[in-house]
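# A structural walkthrough
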Amino acid sequence: DIDNTSDTIADKDRKFLWHNMLPYNGNQPPMVVTEGKGAWITDLQGNRYLDAMSGLWCVNVGYGRAELAEAAYEQMLMMPYYPLTQSHLPAVRLAEKLNEWLEGEYVIFFSNSGSEANEAAFKIARQYHQQTGGHNRYKFIARYRAYHGGSMGALSATGQAQRKYKYEPLGGGFLHVHPPDSYRRPAGQSQMDFNLQCAQAIEDMIVWEGEETIAGVILEPVITGGGVIVPEAAYLDRVQEICRKYGVLLIVDEVICGFGRSGKKFGHLNFNMKPDIVTMAKGLTSGYLPLSATAVRKEIYDAFKDPAAYSHFRHVNTFGGNPSACAVALKNLEIMERDHLVERSRLLGQRLREEMQELLAHPLVGDVRSFGFLLGIELVQDKQTKEPAPLATVNKIIGECKKKGLIIGKNGDTVAGFNNVLCFSPPLSSTDEDLQFIVTTFKQVMSNQVQASDNLN
Ligand code: PMP
């Protein structure tokens, strides 16, 4: 018999399990989740929560989809594993399907996580330049505040606190510029001018470093985990123009923005963008099995095909493109299409934004930003100076939401001092009632927060 009593599990958890980031707040044991259905999860004590973070931006089609379990089961019985040094049906079918979703001609390299998808992108970009005459092109330009993964290369591209903790030296050749954080632009400057100035910083860096040394620019269409930083379309137009002008590859990280989160199939499809490389993970399988992909524009892939030049991509990934994970991804995309979840995301995103925008009148709310069904609320303690709300306040609000059965996230960057953006990224399959629950619960918590500070004064 397995002893599932809360105390025993909490003890064992403390003893044996190493958690991501901080283990948990203080001495509070972590929530042990046992079940999920739709947007809702249940913990070991039987408490139910609406998961407005979809795990970690993963579960776009919601929890408890039997069809996905069945797709994995059937594929496991048929052919559980074979490496993509050869081929199998689910990988071929999924690569074709992803081309349809990407609305362009791409060749797909499969891995297992967002970090690995970005690692593959960096290696492909460097090798591509090597094989097409750009021998010195090894540097990548990324942005502060952006997260691109935890492995050494992806961490080097990351522009958040994690990179400078205790892991240096990181991979060489990763440079950073500031993202267009319009809310914090200099007083008196227009949002458009500020965005264009941020794009110009990329051109300046390319020129200063020497264009012959720059392999690529990596960016998310909208910075997600770094605080929901939404650019002007003109910013992305300009960055793309700059990349083309200097022969620099444009790598778009769609790990969070992809698969409907943005209200389109991919985040970059909201803009006039044709990336050279697109990386994706999370929503590809809605988190049901690990799978990621690096989609490479066909013309770039062609540089790897010359049999005489020993030009193949010398990169092996044992589990990448696991047949069952590919089968789950195919079913996941089928569900998204059948249930119109991309359209649903756009609709729910609009409603959530309209509701939450009212909170701009709240003394703690400095800014409300959104991209599809992804919303960030930046908390400040002074709307004039935009001084970020203290972490204790941010955590208190998150804790109060949880007590009322609502899980929301916290974004930003501790070192930059902007760990003050509340994040909402619920399953795209959320019902109207789910959305109402999110809005009502959050507004209630925020209104209690005002009363609490009134009492102090
Ligand atoms: N890129 C982005 C934008 C991400 O948000 C993440 C994960 N949060 C990653 C890459 C890395 O993905 P993984 O954790 O699957 O390695």
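This structure is a prediction, so every number in the text was calculated from the model and none was measured. Here the residue numbering is sequential within each chain, running from 1 through the sequence in written order. Where local features are concerned, this predicted model is filtered to residues with pLDDT of at least 70; where side-chain atom pairs are given and counted, the filter is 80 or more; whole-chain, interface and lining totals use all residues.

## Quick notes on helix α3 (residues 66-78)
Note on conventions: DSSP H or I runs of at least 4 residues are helices, E runs of at least 2 residues are strands, and numbering of each starts at the N terminus. Helix span, as expected, comes to 1.5 Å for every residue beyond the first. Relative to the 18 Å expected for 13 residues at 1.5 Å per residue, α3 spans 18 Å between its end C-alpha atoms, a close match to the ideal helical length. Turning to α3, its buried residues are Leu 68, Ala 71, Ala 72 and Gln 75. Considered in projection along α3, the buried side chains sweep an arc of 95° and stay on one side of the axis. Facing away from the buried surface of α3 by more than 90 degrees, the exposed residues are Ala 66, Glu 74 and Leu 77. Here the buried face of α3 lies against α4 (89-102) and α10 (323-338). Exposed residues have 12 or fewer other C-beta atoms within 10 Å of their own C-beta, buried residues have 20 or more, and residues in between are partly exposed; the C-beta atoms are placed from the backbone. As used here, the arc is the angular range of directions from the helix axis to the C-beta atoms. A pair of residues counts as a contact when their C-beta atoms, built from backbone coordinates, are separated by no more than 7 Å.

## Things to note about the domain arrangement of the protein chain
Interfaces are frequently sized by the accessible area removed from exposure as the parts join. Splitting the protein chain by domain gives domain 1 (1-25), domain 2 (31-61 + 340-456) and domain 3 (66-338). The C-alpha-based centres of domain 2 and domain 3 are spaced at 27 Å. Domain 2 puts 33 residues into the contact, and the matching count from domain 3 is 28 residues. Contributions of two or more residues to the side of domain 2 that touches domain 3 are made by α2 (54-57), α11 (341-357), β11 (365-370), β12 (375-382) and β16 (421-424). Among the elements that take part in the side of domain 2 that touches domain 3, α11 stands out by supplying five residues, more than any other. Under the convention adopted here, Pro, Cys and the residues Ala, Val, Leu, Ile, Met, Phe, Trp and Tyr are nonpolar, Asp, Glu, Lys and Arg are charged, and Gly plus all remaining residues are polar. Of the residues belonging to the side of domain 2 that touches domain 3, the class tally is 16 nonpolar, 11 polar and six charged. Annotation comment: domain bounds sourced from an automatic or database domain assignment.

## Observations regarding the site of the ligand
Close to the ligand lie 15 residues, the nearest being Ser 113, Gly 114, Ser 115, Gly 149 and Val 255. Broken down by element, the shell around the ligand gets its largest block of residues, three residues, from helix α5 (residues 114-131). The residue inventory of the shell around the ligand, partitioned by class, reads five nonpolar, eight polar and two charged. Nearness here is judged by the C-beta atom: place it from the backbone, and if it falls within 6 Å of a molecule or strand, the residue counts as near that partner.

## A short note on the pairing of strand β10 (residues 292-297)
Within β10, six of the six residues are buried, leaving the element largely enclosed by the surrounding structure. On β10, burial covers both faces: Ser 292, Thr 294 and Val 296 on one face and Ala 293, Ala 295 and Arg 297 on the other are all buried. Each pair of strands is called paired provided DSSP finds at least two bridges between the two strands. Across six bridges, the pairing between strand β4 (residues 106-111) and β10 is antiparallel. Across the sheet, the residue bridging to Phe 110 is Ala 293, located in β10. With four bridges joining them, strand β9 (residues 277-280) and β10 adopt antiparallel strand pairing. Bridging across to β10, Met 280 finds its partner in Ala 293.

## Considerations on the sheet that holds strand β14 (residues 406-407)
Judged by pairing direction, the sheet is mixed, and its four strands sit side by side in the order β1-β2-β3-β14 without closing on themselves. Since the sheet does not close on itself, it has two edges, and those belong to β1 (33-37) and β14, each with one partner.

## Notes on the packing of helix α7 (residues 191-209) against helix α8 (residues 233-245)
Geometry is summarised by axes, namely lines fitted to C-alpha atoms with helices restricted to the contacting stretch, and by angles between N-to-C directions that run from 0 to 180 degrees. Between α7 and α8, the least distance of the axes is 9 Å, while the angle of their chain directions is 15°. Here α7 lies roughly parallel to α8, going by the angle between them. Helix-helix and strand crossings are classified by hand; for α7 and α8 the assignment is right-handed. Contact with α7, carried on its side by Met 192, Asn 195, Leu 196, Cys 198, Ala 199, Ile 202, Glu 203 and Ile 206, involves Ala 234, Tyr 235, Arg 238, Val 239 and Ile 242 of α8 and no other residues of that element. Of the residues belonging to the contact of α7 with α8, the class tally is 10 nonpolar, one polar and two charged. The labels follow the angle: roughly parallel below 35 degrees, roughly antiparallel above 145, roughly perpendicular from 65 to 115, and oblique for the rest. Should the near helix be turned anticlockwise from the far one by less than a right angle, the crossing is left-handed, and should it be turned clockwise, the crossing is right-handed.

## With respect to the pairing of β16
Burial of β16 is two-sided: the residues Val 421 and Cys 423 facing one way and the residues Leu 422 and Phe 424 facing the other way are all buried. The sheet contact formed by β12 and β16 spans four bridges and is antiparallel. Following the sheet pairing, Leu 375 is matched in β16 by Phe 424. Looking at chain direction, strand β15 (residues 409-411) and β16 are connected through three bridges and run antiparallel. Residue pairing in the sheet places Lys 410 in a bridge with Leu 422 of β16.

## What about unusual backbone geometry?
Cis rather than trans, the peptide bond between Glu 168 and Pro 169 has omega equal to 5°. Following the sequence through the fold, Pro 169 ends up in the loop between α6 (152-157) and β6 (174-177). Backbone geometry at Lys 386 places phi at a positive 60°, although glycine is not the residue there. With respect to the secondary-structure elements, Lys 386 resides in the loop between β12 and β13 (387-388).

## Description of the sheet that holds strand β5 (residues 139-143)
Across the sheet, seven strands lie side by side as β4-β10-β9-β8-β7-β5-β6; this open sheet has mixed pairing. Among the strands making up the open sheet, the edge pair consists of β4 and β6. Going from strand to strand, the sheet's axes swing by 20° on average, the running direction of each strand aside. Sheet strands in contact with α5 are β4, β5, β7 (214-219), β8 (249-253), β9 and β10, and its direction is about 25° off that of β10.

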